[in-house]
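Fold and geometry: a report
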Amino acid sequence: MNTFKTPLIELETVQEYCGLSRNVTEKEYNRFILTSQNTRLRNLIGEEMVDDLVTYKDLGGEGDEDFSLLQSNYIEPFLSHDSFVQYSPQSSIKSTKSGVKKMKGENTENSSKDDLSHVSSINQKNADNFAKRMICFLEENAEKYPSYTKKEEPVLRRSIFTIKG
């Protein structure tokens, strides 16, 4: 299993889709993009497909209209929302020499757990919707994306209220 180290989206894309602060640096945020890409995206579309997308990105993203369409309409919004879901709960938490600390800036107020839960929930719903749309698009256009790995059974999210049967 490869770990891809080239983010498929830019920080500006996340800032556009999710309202991420302009003060967040690319170096700081890329780990969230890479985690989404290496876990959730790879599970959705397969390792070979993600590898093809990374190769397309490394080549400058020019020339292949099919990959360009997939990238701009599905991959960018999905990874933006999915990475933001991971980032938002710990955005004010920093690791220091003396341990993990919650940071307070000037003229800011700490977010409550409900606030963070609400932000994560909205972005998780958006990510899930883009994931469903991306899968439908890839399945309808399977001949254009031969490296796409179709899942035999969809991965279902479980809640604490789901009854095993």
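Everything discussed here concerns the structure shown above.
Here the structure is a predicted model, which is why all the values come from computation and not from measurement. (Residues numbered from 1 in each chain as written. Predicted model: local features only at pLDDT ≥ 70, side-chain atom pairs only at ≥ 80, totals over all residues. Heavy atoms only, no water.)

**What about the overall build of the protein?**
Stated formally: Working definition: helices are DSSP H or I runs of at least four residues, strands are E runs of at least two. Numbering for both runs from the N terminus. Note on contacts: a residue pair qualifies if any of its non-hydrogen atoms lie within 4.5 Å across the two residues.
Along its length, the protein carries five helices and two strands. Listing the helices and strands of the protein from first to last along the sequence gives α-α-α-α-β-β-α. The long-range share in the protein, meaning contacts at least 24 apart out of those at least 6 apart in sequence, stands at 74%.

**Side note on the environment of V50**
What counts here: Classification of residues uses two cut-offs on accessible area relative to the type maximum, computed with a 1.4 Å probe and protein chains only: under 20% is buried, over 50% is exposed, and between them is partly exposed.
Mapped onto the elements of the fold, V50 is located in helix α3 (residues 47–58). For V50, a relative accessible area of 0% translates into the label buried. Linking V50 and Y148, residues 98 residues apart in sequence, is a C-alpha distance of 8.5 Å. Discounting residues that sit within four places of it in the chain, V50 has contacts with F4, L8, Q37, L41, R42 and I45.

**Notes on helix α2 (residues 26–45)**
Inclusion rule: A residue's bend is simply the angle between two axes: one fitted to the seven residues ending at it, one to the seven starting at it.
Roughly 30° is the biggest bend found in α2, and it falls at Q37. Of the residues flanking the end of α2, it is G46, one or two places downstream, whose phi is positive at about 95°.

**A word on the packing of α3 against helix α4 (residues 65–87)**
Convention followed: Only the stretch in contact is used when fitting a helix axis, every axis being a line fitted to C-alpha atoms; angles between N-to-C directions are given from 0 to 180 degrees. For this classification, under 35 degrees means roughly parallel, over 145 means roughly antiparallel, 65 to 115 means roughly perpendicular, and everything else is oblique. Classes in brief: Ala, Val, Leu, Ile, Met, Phe, Trp, Tyr, Cys and Pro nonpolar; Asp, Glu, Lys and Arg charged; the others, Gly included, polar.
Axis separation between α3 and α4 bottoms out at 11 Å; the angle between their running directions is 105°. Judged by the inter-axis angle, α3 sits roughly perpendicular to α4. From α3, M49, D52, L53 and Y56 reach across to α4, where they touch F67, S68, L70, Q71 and I75. For the contact of α3 with α4, the class distribution of residues is six nonpolar, two polar and one charged.

**Structural notes on the pattern of salt bridges**
Note the cut-off: Every case where a carboxyl oxygen of Asp or Glu lies within 4 Å of a side-chain nitrogen of Lys or Arg is listed as a salt bridge.
Scanning all chains against the criterion turns up five salt bridges. Across the pair R40 and D82 runs a salt bridge, and its minimum N-O distance is 2.8 Å. Separated by 42 residues along the polypeptide, R40 in helix α2 and D82 in helix α4 bring together distant segments of the chain. On the basis of relative accessibility, which here comes to 4%, the residue D82 falls in the buried class. When the shortest N-O distance is used, the salt bridge between K144 and D66 registers 3.9 Å. Here K144, found in the segment after α5 (113–140), pairs with D66, found in helix α4; they are 78 residues apart in sequence, far enough to count as distant. If you follow the salt bridges from partner to partner, you end up with R40, D82 and D128 in one network.

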